[in-house]
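An overview of the molecular structure
Next come the chains, spelled out residue by residue.
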Amino acid sequence: MRVLRKNRSFILIPAAPFHFDGTFHKPSHFPAGMDDWQPGVYWQTIRIRSKLIGLRIEDCGRRRSPKLKVTPKLKVTTFCNRRLDDSEIGRLRDELRWRFDLDADLRDFNRRAARDHRFGPVFRKWLGMRASNAYDLYGLLIVGVVLQNATVRRTVQMMKSLLEAFGTRLRFDGKELFAIWLPADLERVSERQLRAMRIGYRAKSIKRLSTDFADGKIDEHALRSMGKQDARDELMKLYGVGPETARIVMADAFHDYGAFDHIAPWQQKIYSRLFYNRAMVPAKRIRDDIRAQYGEYAMLAVGYIWEDIFWNRTTERIPWLEKEIRL
DNA sequence: CATCAGGGCCCTG
DNA sequence: CAGGGCCCTGAT
């Protein structure tokens, strides 16, 4: 375990409007052990070049009265025992701006959302929320793989055993969080060893993804600047990455607001209840209706509604939802 | 106890 | 393009 001392800090200004808690905390996501949150404060680990860094991100743009418009403002404090130079801080700024979509221009979406008859209140409540992802592409793909064909409990177990075996425990700012391993770190680990961590057939995907990343076959930055369809096609070529994992990456990491294509069966049940108040509606119909309603913002809009119901679930009992989530 | 279906994906035919 | 198999776990 490594204890990290406080290092440099800086300010980030997201594009307004910005919703801090909705952007940094997604109640629908499983706790992976690499980040933590409380209202107005968020912690995570990150790697910049070869340096492991702990981050605390604070909301400094809270409005004191609803009438008062305040510029959104984030204070980022780094924790790292080595010197962080200006170029590394610059890289860190760029990464955070990208991963949390801080420069998002949501004006068009917000105009449409404000006119929404049914979910207008939900969109208002979360005004300024981003679809975001704290990890690098490799990390998110690993998360995607452990999500496959597994319940939340099992996913958490798999991620935990992988992080305990290969990750690095960082202690900073009173938190203890894991940083994910490097793809090359798994070179010395056999598929057999991975299987011993009860991740099953996913071992093969993790091995192959790690090798591909370690060999530089995937350029995350190139993918980010590619057209959305091309990026999705590239992702789908990776072993172990199918329509659902690609959708997660496109929506959360690459901020493809329209990417409402694949609907997993358990999501279908929840959408059926949410949008039609029925047990089961054909996936094609859901997809067509949502696309007709929200167009190029279909995935973003669904993301708002999705997180809202999971958010409500933390304070209120939603029996039909509990049944579908299956912890 | 046994059987089976998952918060997918790959591979085969 | 449909469907079987895959690791494991919890439900029945």
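Since this is a predicted model, take the numbers as computed values, not measurements.

Basis of the calculations
- Residues numbered from 1 in each chain as written.
- Chains lettered and ligands numbered in written order.
- Predicted model: local features only at pLDDT ≥ 70, side-chain atom pairs only at ≥ 80, totals over all residues.
- Heavy atoms only, no water.
- Pairing = 2+ DSSP bridges.
- Helix = DSSP H or I, 4+ residues; strand = E, 2+ residues; numbered from the N terminus.
- Axes fitted to C-alpha atoms, helices over the stretch in contact; angles between N-to-C directions.
- Salt bridge = Lys/Arg side-chain N within 4 Å of Asp/Glu carboxyl O.
- Buried < 20%, exposed > 50% of the residue type's maximum accessible area, 1.4 Å probe, protein only.
- Near = heavy atom within 4 Å.
- Polar contact = N/O pair within 3.5 Å; in protein donor to acceptor, adjacent residues only side chain to side chain.
- Nonpolar A, V, L, I, M, F, W, Y, C, P; charged D, E, K, R; others polar.
- Core = buried A, V, L, I, M, F, W, Y, C linked by side-chain atoms within 4.5 Å.
- Contact = heavy atoms within 4.5 Å.
- Expected span 1.5 Å × (residues − 1).
- Domains from an automatic or database assignment.
- Buried area = accessible area lost by both parts, 1.4 Å probe.

1. A closer look at the sheet that holds strand S5 (residues 51–59)
Taken together, five strands build an open sheet; the order of strands is S2-S6-S5-S4-S3 and the sheet is antiparallel. Sheet topology places strand S2 (6–12) and strand S3 (35–38) at the edges, where each strand pairs with a single neighbour. Between one strand axis and the next, the sheet turns by 25° as a mean value, whatever way the strands run. In terms of strand pairing, strand S4 (residues 41–48) meets S5 through eight bridges, oriented antiparallel. Pairing of Trp 43 across the sheet is with Arg 56, part of S5.

2. Structural notes on the sheet that holds strand S7 (residues 168–172)
Judged by pairing direction, the sheet is mixed, and its three strands sit side by side in the order S1-S7-S8 without closing on themselves. For this open sheet the edge positions go to strand S1 (2–3) and strand S8 (175–179), each flanked by a neighbour on one side alone. By the bridge criterion, five bridges tie S7 to S8 in an arrangement that is antiparallel. Bridging across to S8, Phe 172 finds its partner in Lys 175.

3. As for the pattern of salt bridges
One pass over the full model with this rule turns up 24 salt bridges. In this structure, Lys 125 and Asp 308 form a salt bridge, with 2.9 Å as the shortest nitrogen-oxygen distance. In this pair, Lys 125 sits in helix H4 (residues 120–125) while Asp 308 sits in helix H14 (residues 298–313), placing the two residues 183 residues apart along the sequence. Taking relative accessible area as the criterion, Lys 125 reaches 40% and is therefore assigned partly exposed. Between Glu 234 and Lys 237 there is a salt bridge; the shortest N-O distance is 2.8 Å.

4. Focus: the protein's contact with DNA strand C
Neighbouring DNA strand C are Arg 153, Arg 154, Arg 195, Arg 198, Gly 200, Tyr 201 and Arg 202. Within 4 Å of the protein, the contacting atoms of DNA strand C are drawn from sugar and phosphate to the extent of 76%. Arg 198 has a polar side-chain atom sitting 3.4 Å from a phosphate oxygen of DNA strand C. Those elements that place two or more of their residues in the surface near DNA strand C are helix H6 (152–166) and helix H7 (191–199). Within the surface near DNA strand C, the residues separate by chemical class into one nonpolar, one polar and five charged.

5. With respect to the nonpolar core
Ranked by size, the top nonpolar core spans 64 residues in total, and within it Met 159 and Trp 181 carry the most contacts. Per-element accounting of this core gives the leading share, eight residues, to helix H5 (residues 137–147). Leaving out residues up to four positions away in the same chain, Met 159 has contacts with Phe 30, Ala 32, Met 34, Ile 142, Val 143, Val 146 and Trp 181. In terms of nonpolar packing, the next biggest core, distinct from the first, is built from 38 residues, Phe 275, Ala 283, Met 299 and Leu 321 among them.

6. Here's the deal with helix H8 (residues 202–214)
When the terminal C-alpha atoms of H8 are compared, their 18 Å separation across 13 residues agrees well with the 18 Å that a helix rising 1.5 Å per residue should span. Residues of H8 that are buried: Arg 202, Ala 203, Ser 205, Ile 206, Lys 207, Leu 209, Ser 210, Asp 212 and Phe 213. Where the residues of H8 are buried, they touch H5, H6 and H7. A positive phi of about 70° marks Gly 216, the residue just after H8.

7. Things to note about the domain arrangement of chain A
Structurally, chain A comprises domain 1 (2–125) and domain 2 (265–325). Each side of the interface is counted separately: domain 1 has 17 residues, and domain 2 has 17 residues. Of the roughly 1,600 Å² buried between domain 1 and domain 2 on both sides combined, carbon and sulfur atoms contribute 61%. Three residues, Pro 27, Phe 109 and Arg 112, lead the burial of domain 1 against domain 2; their summed loss comes to 32% of the area buried on that side. Along the contact surface separating domain 1 from domain 2 lie one salt bridge. Taken together, the connections running from domain 1 to domain 2 amount to eleven residue pairs in polar contact (both at pLDDT 80 or more). Looking at the side of domain 1 that touches domain 2 residue by residue, the classes come out as seven nonpolar, three polar and seven charged.

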